[in-house]
Amino acid sequence: MPMAMVHSSPSSLPYDLAVIGGGIGGLALASLAQRSGLRTALLESHTKLGGCAGYFDRGELTFDCGATALMGMGPGEPIRRLLDHVGVTLETVRTPEYRMCLPDGELVMTADDDQWEHAIRNRFPDLGEAAVRFWRIQRWIGSTLFRASGRLPRVPMRGLGDIAHNFRVLGLSGMIATLGTAVTVRDLMRLLGVDRDPRFVAIVAMLLQDTAQAGPEVVPLANAAACLQAYRFGLSRPVGGMRAFAEGLGEAFGTAGGDLRRATLVDSVRPAKDTGKGFQITTRRGETMTAAQVAMNLPLDLCATLLGRDVTDTPLKRFEKRSRPAWSAFTAYAAIDAAAVADRPALFHHVLQDYAQPIHDGNNVLISLSPPGDEGYAPAALRTLTMSTHVTPEGWFDSDRPAYEARKAEYAARMRRALDRAFPGIDAAIRHIEFATPRSFARYTRRTLGRVGGPPVSRSRSNLMAVDAGVLGPGLWVVGDSVFPGQGTMAVVMGAMRALERMTGRDCCGSLPVGAGASTWTGAMGS
């Protein structure tokens, strides 16, 4: 939906911008907006910040809500640009390797291309050099696009200015790499002949499921290459957990003069009648505030509810469907003796239990370990871990309590089997474990059916077809994983940056004028 750029300057209203939802996208936008000179309020319904990428406590233990991995932390990359600009110091620990625990052994990915190609040759000797060529093509496209991510390319392109900007950002090689949006990963697999080995396909599928929310048969090659490059560059965990990331942004926002209101549930957003401009926001407690513009870190169906629109009977319906996540998650949270995993350097362990089964519902499980000795998660003698698997949400809400509990127990057993596959005999080292279902996510996030993770990446939902941040109309914005550029911490930060550029007409982390581009281009950039 084409939307004109709105250049904002401080208004006569109490707030220039109100941000609803303190997830990472909302936190990034609010902190950047306040630093840019906009009087900004941030309203979060919970007492803790971070949203779906947040955290919770269990006594002396702290758990990240999801099996979160960070990327984009290098100099000039999106998350680092955000943190530097708003004044947040965040240490991270990069995993030395990414370990895949497969039905027939291990496959370890590192940043060393020669080591990775050697591992691929050994694992798939029948595919010859075709398997290596697949990963070389992926590396070229992925690294080319990843390098451009910090400079926020503009898509859709609305004029010569945007075309010139994108060419400067991407260069000729980057523009060629974007042609990969026209074909899928499976198309390349067929061309190279590597699709004849179901194990090769399954490994690519498990990696894409956790970054693009879909498999090689639908994910565009360019998006997939960027997603897979994140694994190859090396994923990181934040020291102190997502608490340090989210609460650090919240503290920076408040220090800059922003109005942060926790435990504040918004009931409605309506055009302001008294002033004739801007929007009036009403909370569950009956409080009201007025802002010139409103940004919502929410899925489109919840945005429509706040606006009093019927999403099923308006032009918004097709955009809501396009932006709707397909998955929820079943998660496990455990504390284990640190000594039990001391011989495993990887912070991420990805388990596939059966090549022949679908890549979800307990067959494909990501295990994310806290860094050794990080007491922001647990006492030094313990480490925490978060496990996550994609699940279809509908079946979790249409059963009675006994059936629900039986289903939960069945999935808990699948997660325990995955944990034992990654760390044989680990059961004796577990000091705490609990499980969460889509019902848990629905209750905590208030998202319909507990859907999380953003829409599956595909040619019909992503890139030029993705939902734009300005889809709701003038003065209203959407940030987070429902809109372009997509899922993952890095992507929602990029989306927040681009939304602010469109509001102000300035570089979000500087003062350079920008054109009237509509969004950023990358893929789903990680978890």
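As the structure is a computational prediction, the values presented were derived from the model and not from experiment.

Conventions used here
- Residues numbered from 1 in each chain as written.
- Predicted model: local features only at pLDDT ≥ 70, side-chain atom pairs only at ≥ 80, totals over all residues.
- Heavy atoms only, no water.
- Helix = DSSP H or I, 4+ residues; strand = E, 2+ residues; numbered from the N terminus.
- Expected span 1.5 Å × (residues − 1).
- Buried < 20%, exposed > 50% of the residue type's maximum accessible area, 1.4 Å probe, protein only.
- Salt bridge = Lys/Arg side-chain N within 4 Å of Asp/Glu carboxyl O.
- Pairing = 2+ DSSP bridges.
- Axes fitted to C-alpha atoms, helices over the stretch in contact; angles between N-to-C directions.
- Parallel < 35°, antiparallel > 145°, perpendicular 65-115°, else oblique.
- Left-handed = near helix turned anticlockwise from the far one by under 90°.
- Contact = heavy atoms within 4.5 Å.
- Polar contact = N/O pair within 3.5 Å; in protein donor to acceptor, adjacent residues only side chain to side chain.
- Patch = residues over 30% accessible without salt bridge, like charges linked within 9 Å, V, L, I, M, F, W, Y side chains within 5 Å.
- Areas by Shrake-Rupley, 256 points an atom, 1.4 Å probe, with all protein chains shown as cover.

Trainee: Could you give an account of helix H9 (residues 241-255), with specific residues and numbers?
Mentor: The end-to-end C-alpha separation of H9 is 21 Å, in line with the 21 Å expected for 15 residues at 1.5 Å each. Among the residues making up H9, those that are buried are Gly 241, Met 242, Phe 245, Ala 246, Glu 247, Gly 248, Leu 249, Gly 250, Ala 252 and Phe 253. Taken from the residues just after H9, Gly 257 is the one with a positive phi, measuring 105°.

Trainee: So what about the pattern of salt bridges? Which residues, and what values?
Mentor: Where charged atoms from two side chains of opposite charge come close, those side chains can pair. Under the definition given, this model contains 30 salt bridges. Arg 39 is the salt-bridge partner of Asp 16, the closest N and O atoms lying 3.5 Å from each other. Of this pair, Asp 16 sits in strand E1 (residues 15-20) while Arg 39 sits in the loop between helix H1 (24-35) and strand E2 (40-43); the two residues are 23 residues apart in sequence, bridging distant segments of the chain. Across the pair Glu 106 and Arg 99 runs a salt bridge, and its minimum N-O distance is 2.8 Å. On the accessibility criterion, Arg 99 (2% relative accessible area) is buried. Each of Asp 113, Glu 117, Arg 121, Glu 129, Arg 136, Arg 139 and Arg 232 takes part in salt bridges that share partners, so that together they form one network.

Trainee: How would you summarise the sheet that holds strand E13 (residues 328-337) if you had to cite specific residues and measurements?
Mentor: A sheet is described by the order of its strands in space; here seven strands give the open sequence E7-E6-E14-E15-E16-E13-E17, paired in mixed fashion. If you trace the sheet from one side to the other, it starts and ends with strand E7 (105-109) and strand E17 (430-436), each paired once. The mean inter-strand angle of the sheet, taken between neighbouring strand axes irrespective of direction, is 20°. The sheet contact formed by strand E14 (residues 348-352) and strand E15 (residues 364-369) spans five bridges and is antiparallel. Paired with Phe 348 across the two strands is Ser 368, which belongs to E15.

Trainee: Would you mind going over the packing of helix H2 (residues 78-86) against helix H14 (residues 489-504) in detail, with residue names and values included?
Mentor: Closest axis-to-axis distance for the H2/H14 pair is 9 Å, and the angle between their directions is 60°. Classified by the interaxial angle, the pair formed by H2 and H14 is oblique. Of the two elements, H2 crosses H14, and the hand of that crossing is left-handed. In contact with Pro 78, Ile 79, Arg 81 and Leu 82 of H2, H14 contributes Thr 489, Met 490, Val 493, Met 494 and Met 497.

Trainee: Could you give me a rundown of the packing of H1 against H14, with the residues and numbers involved?
Mentor: Relative to each other, H1 and H14 sit at 40°, their axes nearing to 8 Å. Pair H1 / H14 crosses with right-handed handedness. Residues Ile 24, Gly 25, Ala 28, Leu 29, Leu 32 and Ala 33 of H1 form the contact with H14, whose own contacting residues are Thr 489, Val 492, Val 493, Ala 496, Met 497, Leu 500 and Met 503.

Trainee: Outline the side chain of Asn 363, supporting the account with residue identities and numerical values.
Mentor: Inspection of the secondary structure assignment puts Asn 363 in the loop between E14 and E15. Asn 363 sits in the buried class, given a relative accessible area of 7%. Within the structure, the side chain of Asn 363 is placed 2.8 Å from the backbone nitrogen of Asp 354, a separation counted as a polar contact. Apart from the residues within four sequence positions on either side, Asn 363 is in contact with Val 351, Leu 352, Gln 353, Asp 354, Gln 357, Pro 358 and Thr 389.

Trainee: Tell me about a nonpolar patch on the surface, residues and numbers included.
Mentor: A surface patch of nonpolar side chains, about 540 Å² in accessible area, is lined by Trp 140, Phe 167, Leu 172, Ile 176 and Leu 179. At three residues, helix H5 (residues 160-177) tops the list of elements feeding residues into the nonpolar patch. Secondary-structure assignment places Leu 179 in the loop between H5 and helix H6 (185-192). Given the relative accessible area of 60%, Leu 179 is considered exposed.

Trainee: Quick rundown of the side chain of Ser 31? Include the residues and the values.
Mentor: As for its position among the elements, Ser 31 is in helix H1. In this structure Ser 31 comes out as buried when scored by relative accessible area, which is 1%. Apart from the residues within four sequence positions on either side, Ser 31 is in contact with Leu 82, Val 86, Leu 249 and Phe 253.

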